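Each chain, letter by letter, is given below.
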Amino acid sequence: MINDLTYLPEEQEHLVLSAVKKCKRFVDEENMSVSDAVKKVCSIYESFFDEISFLENILYTEVTQVGNSGKVIASKNIRDKDWWDNYKKGAKLSYWRRYKNYLELKPGWSDTSITDLDSSIDKVMNLLVNPNKKQIDDRIGLVYGDVQAGKTAHYMGLINKAYSAGYKIIIVLTGMHNSLRSQTQTRIDEEVLGYETSNNSFDMQKQNSVGVGLVKSNLEIGGLQSLTNRDENGDISSRATGSYFPPYIIVTKKNAKVLGTIIDNFSKSPFAIPYEDKKVISPEYPALIIDDEADQASINTKDPINSEDPSAINGLIRKLLNIFQCRSYVGYTATPFANIFIPKETNDKEFGEDLFPRDFIVKAPRPSLYIGAKEFFGFGDEYIAYNHMPLLRAITSEEGMSYGHKNKDGGMFYDELPKELLESIMAFYIAVAVRNQRGQINKPNTMLIHVVRFVDQQKIIQNQIKEHLDYLNSQIINNDRQIKREFKNLYETDFKNTNQKMHSDHEAYSKGCTFIEFDNVWSEIKNIIAKPEHRIKIFCINGKSDDALVYKKYEGKPFNVIAIGGDKLSRGLTLEGLSISYFSRVSSTMDTLMQMGRWFGYRNGYIDVCRIYSTEELFEKFRHISYSVANLSQQFEDMDVLQSDPENFGLKVATNPDILISARNKLRTGKEYRSDFSCKLVQTRILDTNPEIIENNYKAVEKLLVSIKNYKLCYDQSNENLPIGLNDKNGKHFYGGVSSSYIIDFFENYHTSKHATRASSRHIAEYIKEMNKYGGLIEWTVCLNGLVVKDKNNEYVSKIANITVQGIERNTNKNLSNCDKDYCDLGAIVSGDDAELDFDKSKLDLAVKIRNELEKDKQILARIVRKELRDFSHGYLILYPIGWAQSNLKTNNGIAPYGFATVFPDRLGKGQLQSYRLNEVAMEELDDEG
């Protein structure tokens, strides 16, 4: 269930569940529209509810979920593996089924989300080593999901399926802090083990049943032992792995000492066998190693060329992998920037190969009601227009921007709480009160204050906040008129308007966000103050504090907390019920800043009261990160469409001069590249041989030609303003005055080869959009550049958009025998004067004059001609049916392959061009394209 029904009386909860099932049956089995199904169910249950709109909102939320099982990019040798699909047909899968039933009962999980999760994990399982073969084999892969979007649930499901499939040893590498390791262990207790681990006993039958254990007991399905427990000091001990035989699970932090202990224990374990010059674990005990936050600590920060040994954690993880002869390593992260820059060829005898995800990259599902970077921040006007949510509040005062940061004397500025922080605290009181009024009374509410990473400074902030809360509470209890006025003003001018805007612009996210009148909110605020257990607590979350955000301790009780912290709140740690964030800590890297955004996730029934208080500078950085993440996701989409594999697809990350992608020592490979097509001729040199890609690109060309048929130019010998290439005898078709929107659409639909970095259709589309902002490339000439059709039975002849064309015959020596696996190198498809056939007679004469006057290289002369004679507002696109390839690569439908060439004018220094950092593969492809 997406909606949380636990606060309802049991009888009413059952009624709602029954209504949801009935509504889904009407939609799925009787093919009713959602609106008709909701109306019919509401009419049936009308007498059971005081306000039927309550049930109506729940039904719409549960039934209108959009499916999305994510994307999978896998290497060729494992792409078609289906061992898991076959295995699960006859297997009980007790652990997975129990976990699935658990999710069905858990608030926030719709049937669609669970189905998507199930499907995505199945895809990953097929890509892992088959543990039942018990043979030497290994995999290295990466699962990439959005921040706070169910990444942990994904690997919990993977563990449940892997154990059901026969994996004997499961190791989960968590973050670097005990708190995160403990939080992960607690999740594993609840979602895999079914019992509460404890330092007192490792006997799974003597523990308290929790989570999945309450759905189905371990007595029924058989228990899995854990060698670690949920306590802060519950990490692996020196005796553990050597004292127990598999199957078991280990949840450990990325700490050199602890990892060294694990490696040592496995090497000395009674089931280790000698192999070459060391002890290893045989394929009888297949291992699954999950690396949570795989871009943190796991990356080698040493120079792989000039340093013999990798950085400590990276080297130890690689050593750990090499102990197991049958293993699967799966990294999980929401910020895979550093991972795609791992050198893919690094390998040595002691440490083995590096952790580049050579076998697969999986994009985890993004549930339809997930609220991520684009929903909060948009992409920025310079990228893509997107109507983001109205939840950002700028810190503009000098005190606000200085608070917690260094002053002129090198000290820290803490004179008084800035006005924006005071307002954010009032906003938190309002958010808690509104949620209580909406029936979410025993749910956790959290406010985040993240200003500085230093522990001592956090303590100063905590004391100042405590002093202010004491004052504020006393004023509220005494019904102070001024305080009430301030609350009312904030509520009426901000919260009321935001509620209306969220309902009008983001209706799908606003279900259950009913507007509450201020008098009711004020009464609720006074109630919160009056009851000690409801009062707002202030926790300092750092290594020196005893405060711990153990939400489980307060389950079913009011828990309202302001969490002040730094690094411990920056990764992995979930802040439940987070509504208000005051964030002014500066970060210089994308991955760190993105991970600090604890506000991403799901805010069902209270998104309208959520706020992020931060500086405009940080908002701009988040917008750029939002664009970079979306851009990288699109590349994964392209990899999926092009059926590429991680080792052979050039990836890139959109960069910005104001923020680094990641720490410099994580990005020792890569190269900066800017998509600048000024005065360039860009052409298809590499053609993918995949029939689906050939057909897709044919359709993109055909769609363009059909769309611009009214722009077709007719030959008129007396008109000297027509393109010189236009006549009725050469097999070429010209279209003039074509709007750039058609050209952009073409490049967004056409899939350039996975091996093409420079001539990327997406780069070209972005470039045209940017030039359009300045009046550039708004009008185009298009040429369908075929040959004269002399014999319709010629193998090079084909039809497109009702036009019969004969494909070009250049480079006939480049046949399939010269193709490399899944692509062909076409060489140059532009020939002779193709690139200037759109010139009229007067421009051609000027081009001839320039060439006669200057003694330069041909390519330099061509650029000079483009610079001098091509108008900034005008572009030229040439479409080529590839003749020789057509005879070899026609699809079953007889569809021919098409390439293109694009001729660009001088951009006159205009536009803000997007820069990228290319990984090793993209760099190689850039060099190959010349």
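Scoring rules and cut-offs
- Residues numbered from 1 in each chain as written.
- Predicted model: local features only at pLDDT ≥ 70, side-chain atom pairs only at ≥ 80, totals over all residues.
- Heavy atoms only, no water.
- Helix = DSSP H or I, 4+ residues; strand = E, 2+ residues; numbered from the N terminus.
- Buried < 20%, exposed > 50% of the residue type's maximum accessible area, 1.4 Å probe, protein only.
- Contact = heavy atoms within 4.5 Å.
- Areas by Shrake-Rupley, 256 points an atom, 1.4 Å probe, with all protein chains shown as cover.
- Lys, Arg positive; Asp, Glu negative; His and termini not counted.
- Charge placed at Lys NZ, Arg CZ, Asp CG, Glu CD.
- Pairing = 2+ DSSP bridges.
- Axes fitted to C-alpha atoms, helices over the stretch in contact; angles between N-to-C directions.
- Core = buried A, V, L, I, M, F, W, Y, C linked by side-chain atoms within 4.5 Å.
- Patch = residues over 30% accessible without salt bridge, like charges linked within 9 Å, V, L, I, M, F, W, Y side chains within 5 Å.
- Salt bridge = Lys/Arg side-chain N within 4 Å of Asp/Glu carboxyl O.
- pLDDT = per-residue confidence, 0-100.
- Expected span 1.5 Å × (residues − 1).
- Arc of directions from axis to C-beta.
- Bend = angle between axes of the 7 residues up to and from the residue.
- Polar contact = N/O pair within 3.5 Å; in protein donor to acceptor, adjacent residues only side chain to side chain.
- Phe/Tyr/Trp six-rings, centres within 6.5 Å; stacked < 30°, edge-to-face > 60°.

Where an unreviewed UniProt entry is consulted, the protein chain appears under the name Z1 domain-containing protein, with the organism given as Succinivibrio faecicola.

Next up on the list: the overall build of the protein chain. Regarding its fold elements, the protein chain presents 28 helices and 28 strands. Over its C-alpha atoms, taken along the principal directions, the protein chain stretches across nearly 90 × 75 × 70 Å. Residue burial in the protein chain is summarised as follows: out of 930 residues, 58% are buried. When contacts within the protein chain are restricted to residue pairs at least 6 apart in sequence, long-range pairs at least 24 apart make up 78% of them. Total accessible area on the protein chain stands at roughly 38,700 Å², and carbon and sulfur atoms take up 45% of it. In the protein chain, 118 side chains carry a positive charge and 127 a negative one; their mean positions are 2 Å apart.

Across the sheet, which stays open at both edges, the six strands sit in the order β11-β16-β15-β12-β14-β13 with parallel pairing between neighbours. What marks the edges here is a single partner per strand, and that holds for β11 (392-394) and β13 (537-541). Neighbouring strand axes in the sheet, compared pairwise and without regard to direction, differ in orientation by 20° on average. As paired elements, β11 and strand β16 (residues 611-614) share three bridges and run parallel to each other.

Let us now look at the nonpolar core. Phe-377, Tyr-429, Ile-449, Ile-465, Phe-487, Trp-599 and Ile-607 are the most contacted members of the largest nonpolar core, which has 104 residues in total. Broken down by element, this core gets its largest block of residues, 11 residues, from helix α16 (residues 419-437). Beyond its immediate stretch of four places on either side in the chain, Phe-377 contacts His-388, Leu-392, Trp-599, Phe-600, Ile-612, Phe-619, Phe-622 and Arg-623. With 49 residues, the next largest nonpolar core counts Leu-127, Leu-128, Met-156 and Val-330 among its residues.

Okay, the sheet that holds strand β28 (residues 915-918) next. If you walk across this open sheet you meet the three strands as β17-β28-β18, and the pairing is antiparallel. Looking at which strands have only one partner, the edges of the open sheet turn out to be β17 (652-655) and β18 (671-674). Here the average twist between neighbouring strands, direction ignored, is 35°. In this sheet, β28 lies alongside β18 in antiparallel orientation, the contact comprising four bridges. In the strand pairing of β28, Tyr-673 is matched with Tyr-916. Contacting β17 and β28, helix α21 (residues 616-641) crosses the sheet at an angle of about 160° to β17.

Taken together, the side chains of Glu-398, Glu-399, Asp-415 and Glu-416 define an acidic patch exposed on the protein surface. With respect to the helices, strands and loops of the structure, Glu-398 is situated in helix α15 (residues 398-402). Classification of Glu-398 by relative accessible area gives exposed; the value is 62%.

Summary statistics for the protein chain give a mean pLDDT of 86 and a share of 91% for residues scoring 70 or more. Confidence over residues 814-818 falls short of pLDDT 50; this stretch has nine contacts with residues more than four positions distant or in other chains.

Further remarks concern helix α19 (residues 518-530). Here α19 contains 13 residues, and its C-alpha end-to-end distance of 18 Å stays within 8% of the 18 Å for a straight helix at 1.5 Å per residue. Where α19 is concerned, the buried positions are Phe-518, Val-521, Trp-522, Glu-524, Ile-525, Ile-528 and Ile-529. Angularly, the buried residues of α19 cover 160° about the axis, an arc narrow enough to put them on a single face. Counted as exposed and oriented over 90 degrees from the buried face of α19: Asp-519 and Ala-530. Next to the buried residues of α19 lie α16, α17 (455-477), α18 (481-505) and β14 (559-565).

This next bit is on the pattern of salt bridges. One pass over the full model with this rule turns up 46 salt bridges. The partner of Arg-318 in a salt bridge is Asp-348, and the shortest N-O contact between them spans 3.9 Å. With Arg-318 in helix α13 (residues 312-323) and Asp-348 in the loop between β9 (326-333) and β10 (360-363), this pair connects stretches of sequence that are 30 residues apart. In this structure, Glu-672 engages Arg-917 in a salt bridge whose closest nitrogen and oxygen atoms are separated by 3.3 Å.

Time to look at the environment of Gly-234. The topology assignment puts Gly-234 in the loop between β4 (225-226) and α11 (240-243). The buried category is assigned to Gly-234, whose relative accessible area is 2%. The sequence separation of Gly-234 and Val-251 amounts to 17 residues, and the corresponding C-alpha distance is 9.1 Å. Apart from the residues lying within four places of it in its own chain, the contact partners of Gly-234 are Arg-181, Thr-228 and Asn-229.

Residue Pro-246 is joined to Pro-247 through a cis peptide bond whose omega torsion reads 10°. By the element assignment, Pro-247 lies in the loop between α11 and β5 (248-252). A positive phi angle, near 55°, is found at Asn-479, a position not held by glycine. Turning to its location among the elements, Asn-479 is positioned in the loop between α17 and α18. Located in the positive-phi region is Asn-802, a residue other than glycine, with phi close to 65°. By the secondary structure assignment, Asn-802 is in the loop between β23 (797-800) and β24 (803-806). Take Asn-802: its relative accessible area is 73%, and that puts it in the exposed class.

Attention now moves to α18. Note on helix geometry: an α-helix contains 3.6 residues per turn, so any two residues three or four positions apart are oriented the same way. The end-to-end C-alpha distance of α18 is 35 Å, a good match for the 36 Å that 25 residues give at a rise of 1.5 Å each. Of all the bends in α18, the greatest, near 35°, is centred on Tyr-491. Within α18, the full set of buried residues consists of Ile-483, Phe-487, Leu-490, Tyr-491, Asp-494, Phe-495, Thr-498, Asn-499 and Met-502. Taking the backbone nitrogen of Gln-482 as reference, a side-chain oxygen 3.1 Å away marks Asp-480 as the first, capping residue of α18.

Aromatic ring pairs are reported here in terms of the distance separating the ring centres and the angle at which the planes meet. Counted by the stated rule, this structure contains 41 aromatic pairs. With 5.8 Å between their ring centres and 70° between their planes, Tyr-370 and Tyr-602 make a pair best called edge-to-face. Here Tyr-602 lies in the loop between α20 (590-596) and β16 and Tyr-370 lies in the loop between β10 and α14 (373-377), a separation of 232 residues in the sequence. What makes Tyr-602 partly exposed here is its relative accessible area of 27%. Judged by centre distance (6.2 Å) and plane angle (65°), the rings of Tyr-698 and Tyr-898 are edge-to-face.

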